[in-house]
Amino acid sequence: MSCKFLKGLLLLLLFLWPFPVEAGKWVKIVKVIDGDTVILEDGTHLRYAGINTPELHTKKGPPEPFAREAYLLNRKLTEGQRLYLEEAQRKRDRYRRLLGYLFLPDGRLVSEILVAKGLALVCYYPGSTKYYQKLLRLQREALKNRRGLFSRLKNTEPFYVGNRKSRRFHRPGCPQAQKIKRKRIFNSLEEAFSAGYCPARGCRPWPP
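Below, the structure is looked at part by part.

1. Description of the overall build of the protein chain
Then, in step 1: If you tally the helices and strands in the protein chain, you get six helices and 11 strands.
Then, in step 2: The contacts of the protein chain with a sequence gap of at least 6 include a subset with a gap of at least 24, amounting to 62%.
Then, in step 3: If you sum the accessible surface of the protein chain, you get close to 11,800 Å²; carbon and sulfur atoms cover 54% of it.

Set out below in structure tokens:
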């Protein structure tokens, strides 16, 4: 068997390989916590990088809108399965959870399915931006078709104030909005989400 043949076979296998070429590993998911967090077989808590789903467990008690739907879909896709994990550039979040991207055996990113259904928001985080543009395209489609979370959007403010640095947006009356140096004004929630901005904490844009 010639070296030329082996090289060609290797290139073909790389082309057909559905997962990132970067070093990754297969992991087993033993428990789903919510729409964007799972527990691996070794006890590691994995948080999906670059997205945010509604809170299933809140201090006030009831889950946020579509939190249960996101949780159930995530559980259906991942719990008990052995999937492919690619770690994000930023390894851990502030809660020390592992950050990464989880892929199904067919090569689809779990996060892209959640975003496409309108059950997760695309959020910019330094070190977790590898699939940001891909996910944002799916979010725009979900927004256009009013899927999931976007079916309940209601513009309750005359405008919204975005932070160009963090890519978060606030209600104009939020104290944090007054401190933003690099502002971007959005005339609607649709504009903010289409631009890839996430609502700031305490600034939920849809009714309960």
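2. Describing a positive patch on the surface
Then, in step 1: On the surface, a cluster of positive charge is made up of Arg164, Lys165, Lys181, Arg182 and Arg184.
Then, in step 2: Overall, Lys165 belongs to the exposed group, its relative accessible area being 66%.

3. Observations regarding the sheet that holds strand β8 (residues 160-163)
Within a sheet, adjacent strands bond to each other through the backbone by hydrogen bonds, running parallel or antiparallel.
Then, in step 1: Taken in spatial order, the four strands line up as β10-β8-β9-β11 in an open sheet, and their pairing is mixed. Each end of this open sheet is capped by a strand with a single partner; those strands are β10 (183-186) and β11 (198-199).
Then, in step 2: The pairing of strand β9 (residues 168-170) with β11 spans two bridges and is classified as parallel. Residue Arg168 lies in a different strand from β11, and its bridge partner there is Cys198.

4. What to know about the state of the cysteines
Then, in step 1: Taken as a whole and judged by the stated rule, the model has one disulfide.
Then, in step 2: A disulfide bridge connects Cys123 with Cys198, and the sulfur atoms are separated by 1.8 Å. The disulfide joining Cys123 to Cys198 has a torsion of about -80° about its S-S bond and is therefore left-handed. Of the two residues, Cys123 sits in the loop between β7 (121-122) and α4 (132-144) while Cys198 sits in strand β11, which places them 75 residues apart along the sequence.
Then, in step 3: When its relative accessible area of 2% is taken as the criterion, Cys123 is described as buried.
Then, in step 4: The exposure class of Cys198 is buried, given its relative accessible area of 2%.

5. Some thoughts on the environment of Arg201
Then, in step 1: With respect to the helices and strands, Arg201 occurs in the segment after β11.
Then, in step 2: Using a relative accessible area of 67% as the deciding quantity, one classes Arg201 as exposed.
Then, in step 3: Residues Arg201 and Phe169 lie 32 residues apart in sequence; the distance between their C-alpha atoms is 9.3 Å.
Then, in step 4: Not counting residues within four places of it along the chain, the set of residues in contact with Arg201 comprises Arg94 and Tyr95.

6. Side note on the pattern of salt bridges
Then, in step 1: Evaluated as defined, the whole model comprises 10 salt bridges.
Then, in step 2: Across the pair Asp36 and Arg47 runs a salt bridge whose closest N-O atoms are separated by 3.6 Å. Residue Asp36 is located in the loop between β1 (25-32) and β2 (37-40), and its partner Arg47 is located in strand β3 (residues 45-48); the two are separated by 11 residues in the primary sequence. Side by side, Asp36 and Arg47 carry an identical accessibility label, which is buried.
Then, in step 3: Between Arg97 and Asp93 there is a salt bridge, and its shortest N-O distance comes to 2.7 Å.

7. Quick notes on the nonpolar core
Then, in step 1: With 55 residues, the main nonpolar core has Ile29, Leu46, Tyr48, Leu102, Leu135 and Phe193 as its most contacted residues.
Then, in step 2: Looking at this core element by element, the count peaks at six residues for α4.
Then, in step 3: The residues contacting Leu46, other than those within four sequence positions of it, are Asp36, Thr37, Val38, Leu40, Leu85, Leu98, Leu99, Gly100 and Leu102.
Then, in step 4: Grouped together as the second largest cluster of nonpolar side chains are six residues, Cys174, Ala177, Ile180 and Cys203 included.

8. Digging into the pairing of β1
Then, in step 1: As paired strands, β1 and strand β5 (residues 82-92) are joined by four bridges and run antiparallel to one another. The residue of β5 that forms the bridge with Val27 is Leu83.
Then, in step 2: Relative to β2, β1 runs antiparallel, the two sharing three bridges. The partner of Val32 across the bridge, within β2, is Val38.
Then, in step 3: In sequence, β1 turns back onto β2 through a hairpin of four residues.

What counts and what doesn't
Residues numbered from 1 in each chain as written. Predicted model: local features only at pLDDT ≥ 70, side-chain atom pairs only at ≥ 80, totals over all residues. Heavy atoms only, no water. Helix = DSSP H or I, 4+ residues; strand = E, 2+ residues; numbered from the N terminus. Contact = heavy atoms within 4.5 Å. Areas by Shrake-Rupley, 256 points an atom, 1.4 Å probe, with all protein chains shown as cover. Patch = residues over 30% accessible without salt bridge, like charges linked within 9 Å, V, L, I, M, F, W, Y side chains within 5 Å. Salt bridge = Lys/Arg side-chain N within 4 Å of Asp/Glu carboxyl O. Lys, Arg positive; Asp, Glu negative; His and termini not counted. Charge placed at Lys NZ, Arg CZ, Asp CG, Glu CD. Buried < 20%, exposed > 50% of the residue type's maximum accessible area, 1.4 Å probe, protein only. Pairing = 2+ DSSP bridges. Disulfide = S-S within 2.5 Å. Core = buried A, V, L, I, M, F, W, Y, C linked by side-chain atoms within 4.5 Å.

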